Amino acid sequence: MSSIEPGAVHGPGKRVGPWWMVWFTLAWLAIWTVQLTPIQLLLPLQLDTQSGHWLHGVVWSGVVLSAGGLAGIIAAPIAGSLSDRTRSRWGRRRPWAIGGSLGAAIGLLLTGWAQGPLFVGAAWVVVSVSVTIASAALTALIADQLDSQRGTASAAASSAQAVGIVVGVGAVVLLGLGLGASYVLLAGIIAVVGVGTTVLLPDPAPVHPRVLGLNAGREPITQARISSLLDHNFKWLLVSRFVVNVGNAFGTSLLLFFLIYGIGVPAASAEDKLLVLIVIYTVFVVISSIVVGTTSDRSGSRRFWTITSALVQACSGIIILISPEFVTTAIAAAIMGTGYGAYMAVSLALATDLLLDPDDHARDLSLVNNSAALGQLVGPLLGAGLVALVGGFWLLFAAASLVSIVGAAMTLTVRPKTITLR
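What counts as what
- Residues numbered from 1 in each chain as written.
- Predicted model: local features only at pLDDT ≥ 70, side-chain atom pairs only at ≥ 80, totals over all residues.
- Heavy atoms only, no water.
- Helix = DSSP H or I, 4+ residues; strand = E, 2+ residues; numbered from the N terminus.
- Contact = heavy atoms within 4.5 Å.
- Buried < 20%, exposed > 50% of the residue type's maximum accessible area, 1.4 Å probe, protein only.
- Salt bridge = Lys/Arg side-chain N within 4 Å of Asp/Glu carboxyl O.
- Polar contact = N/O pair within 3.5 Å; in protein donor to acceptor, adjacent residues only side chain to side chain.
- Core = buried A, V, L, I, M, F, W, Y, C linked by side-chain atoms within 4.5 Å.
- Axes fitted to C-alpha atoms, helices over the stretch in contact; angles between N-to-C directions.
- Parallel < 35°, antiparallel > 145°, perpendicular 65-115°, else oblique.
- Left-handed = near helix turned anticlockwise from the far one by under 90°.
- Nonpolar A, V, L, I, M, F, W, Y, C, P; charged D, E, K, R; others polar.
- pLDDT = per-residue confidence, 0-100.
- Expected span 1.5 Å × (residues − 1).
- Bend = angle between axes of the 7 residues up to and from the residue.
- Phe/Tyr/Trp six-rings, centres within 6.5 Å; stacked < 30°, edge-to-face > 60°.
- Lys NZ or Arg CZ within 6 Å of the ring centre and 35° of its normal.

## Observations concerning the overall build of the protein chain
Then, number 1: Helix and strand counts for the protein chain come out as 14 helices and two strands.
Then, number 2: For the protein chain, the proportion of contacts with a sequence separation of at least 24, taken over those separated by at least 6, is 84%.

## So, the environment of Thr338
Then, number 1: When you line up the elements, Thr338 lands in helix 12 (residues 326-354).
Then, number 2: By relative accessible area, Thr338 is classed as partly exposed at 29%.
Then, number 3: As a C-alpha pair, Thr338 and Val292 span 46 residues in sequence and 9.6 Å in three-dimensional space.
Then, number 4: Not counting residues up to four positions away in its chain, the partners in contact with Thr338 are Phe284, Ser288 and Val312.

## Some thoughts on the pattern of salt bridges
Then, number 1: Enumeration over the complete set of coordinates arrives at nine salt bridges.
Then, number 2: As a salt-bridge pair, Arg150 and Asp353 come within 3.1 Å of each other at their nearest N and O atoms. Of the two residues, Arg150 sits in helix 5 (residues 150-175) while Asp353 sits in helix 12, which places them 203 residues apart along the sequence.
Then, number 3: For Asp353, a relative accessible area of 19% puts it in the buried group.
Then, number 4: Between Arg302 and Asp297 there is a salt bridge; the shortest N-O distance is 3.2 Å.
Then, number 5: A residue is classified by how much of its surface remains accessible, and Asp297, at 16% relative accessible area, is buried.
Then, number 6: Here the salt bridges do not stand alone but share partners, grouping Asp84, Arg92, Arg93 and Asp144 into one network.

## Observations regarding the side chain of Gln145
Then, number 1: Assignment of secondary structure puts Gln145 in helix 4 (residues 117-145).
Then, number 2: Looking at Gln145, its side chain comes within polar contact range of the side chain of Trp20, at 2.9 Å.
Then, number 3: Among the polar contacts listed, one links the side chain of Gln145 to the backbone oxygen of Pro202, at a separation of 2.6 Å.

## Considering the nonpolar core
Then, number 1: Trp20, Phe24, Trp28, Leu108 and Ile190 are the most contacted members of the largest nonpolar core, which totals 51 residues.
Then, number 2: Going through the elements one at a time, helix 1 (18-49), helix 3 (94-113), helix 4, helix 5, helix 6 (179-200), helix 8 (232-252), helix 12 and helix 13 (361-390) are the ones with two or more residues in this core.
Then, number 3: The element that contributes the greatest number of residues to this core is helix 1, accounting for 13 residues.
Then, number 4: Listed in part, the 25 residues of the second largest apolar core include Leu259, Leu277, Phe393 and Met410.

## Brief notes about the packing of helix 11 (residues 302-322) against helix 12
The relative placement of two packed helices comes down to the angle between their axes together with the axis-to-axis distance.
Then, number 1: Contact geometry for helix 11 and helix 12: axes closest at 7 Å, N-to-C directions at 160°. Considered as vectors, helix 11 and helix 12 are oriented roughly antiparallel to each other. In terms of crossing hand, the pair formed by helix 11 and helix 12 is left-handed.
Then, number 2: Here the contact of helix 11 with helix 12 is built from residues that sort into 16 nonpolar, nine polar and three charged.

## Looking at the confidence of the model for the protein chain
Then, number 1: Here the protein chain averages 84 in pLDDT, and 87% of its residues register 70 or above.
Then, number 2: For residues 208-224, every residue scores under 50 in pLDDT, and the model assigns this stretch 16 contacts once sequence neighbours within four places are set aside.
Then, number 3: Across residues 418-422, where pLDDT falls below 50, the model places 21 contacts with residues more than four positions away in sequence or in other chains.

## As for the packing of helix 3 against helix 6
Then, number 1: Where helix 3 contacts helix 6, the two axes come as close as 8 Å, and the packing angle between them is 175°. Taken together, the axes of helix 3 and helix 6 are roughly antiparallel relative to one another. The residues of helix 6 that touch helix 3, namely those facing Arg94, Ala97, Ile98, Ser101, Leu102, Ala104, Ala105, Leu108, Leu109, Thr111 and Gly112, are Tyr183, Val184, Leu186, Ala187, Ile190, Ala191, Gly194, Val195, Thr198 and Val199.
Then, number 2: Class assignment of the residues belonging to the contact of helix 3 with helix 6 gives a composition of 15 nonpolar, five polar and one charged.

## Details of helix 5
Then, number 1: Its 26 residues place the ends of helix 5 36 Å apart at the C-alpha level, agreeing with the 38 Å of an ideal helix rising 1.5 Å per residue.
Then, number 2: Along its length, helix 5 shows its largest kink, about 30°, at Gln161.
Then, number 3: Just downstream of helix 5 lies Gly176, where phi reads positive at about 65°.

## Remarks on the packing of aromatic side chains
Then, number 1: Within this structure, the stated rule accounts for seven aromatic pairs.
Then, number 2: Between Trp20 and Phe24 the ring centres are 4.8 Å apart and the planes differ by 20°, which places this aromatic pair in the stacked class. Here Phe24 and Trp20 lie together in helix 1, a separation of four residues that amounts to about one turn.
Then, number 3: For Trp20, a relative accessible area of 6% gives the class buried.
Then, number 4: Members of the aromatic cluster, joined through ring pairs, are Trp20, Phe24, Trp28 and Trp32.
Then, number 5: Note that Arg89 overlies the ring of Trp90, its terminal NZ or CZ placed 5.2 Å from the centroid.
Then, number 6: Over the ring of Phe326 we find Lys273; its NZ or CZ atom is 4.4 Å from the centre of that ring.

Here it is, written out as structure tokens:
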């Protein structure tokens, strides 16, 4: 009888150098830039100009973004499983990361060229699926190659999300690019930076010392696989990440409407004030993800930081409930960014510690990413229903706090333990 501890299938203390972190961060920065810039800016503008009425543009934007999000969620575990089973001279992660990056570049060019909502939507699905393929491969590198730096790497991926939208939207606005040129720029970024960093990142053959030792002289390694999906702790972490992300979406997705209709900000200045809130939120997301991610590497208390960060996020909704004004909303944005940035970094690192089989790393971590993406997809729809239910925003922010607390409580059930193999 032997045992395998979650997160302990690699040699203890395995570390990478600073250049690995640089290439990994740049790869994620490219992915988030080309994914979020169209979502936040280009697609709404494109669909608005190609629709007969502004309401049609709003509806088509929702349809296109939802279709792309669902396609990515479906593709993620499939792409991860295929990556897990790839054995090539180029590695098992690199071919999928390169293919996903090139596919995203092609999809972006098609999106910029497309005319009409249906063709724009079809092209955007290509982008979403391709980005998902590259993301699944890159996320798996954290579990494949790291032990003592998983929090730092997770922080790099999480903080790049906040920076990516600033880089993309800033480049488009400052350069004064039209829609077509903007898509060409994004395609060039993912083709050059995405492919280049993937080539530079190492992709060694998988080594499973504990599983190999367990089965030495007895049976093939493929017969000793134990799925993380059967583990209580891993499943509860997936559910809690979904719940916390719903809470985050409650607190962030309807802020423009809250400024105008909740606290009476004039429509002419609402967008400027929203930009201020976004910048504040982004700065604190980046800082907290880096600080807490690296701290969890040193302390090893990932569950503690995961729970604490979710509770910090919950405080933001309470602040708005107590004093629904712009200044307190800005303070709440800082607190929300602090909690969410830390949560996304350390909960991803905690998920890598719970993985049971290296041959399922990409598939399992793609499900971890999906749990967050699904929460961000469902949250705005549920949030709009809460606002409509009471004709105001108090229930929305109360739910944001309550749901975040529930997510933290769910994480209490996550207790990594030794898994016995017979």
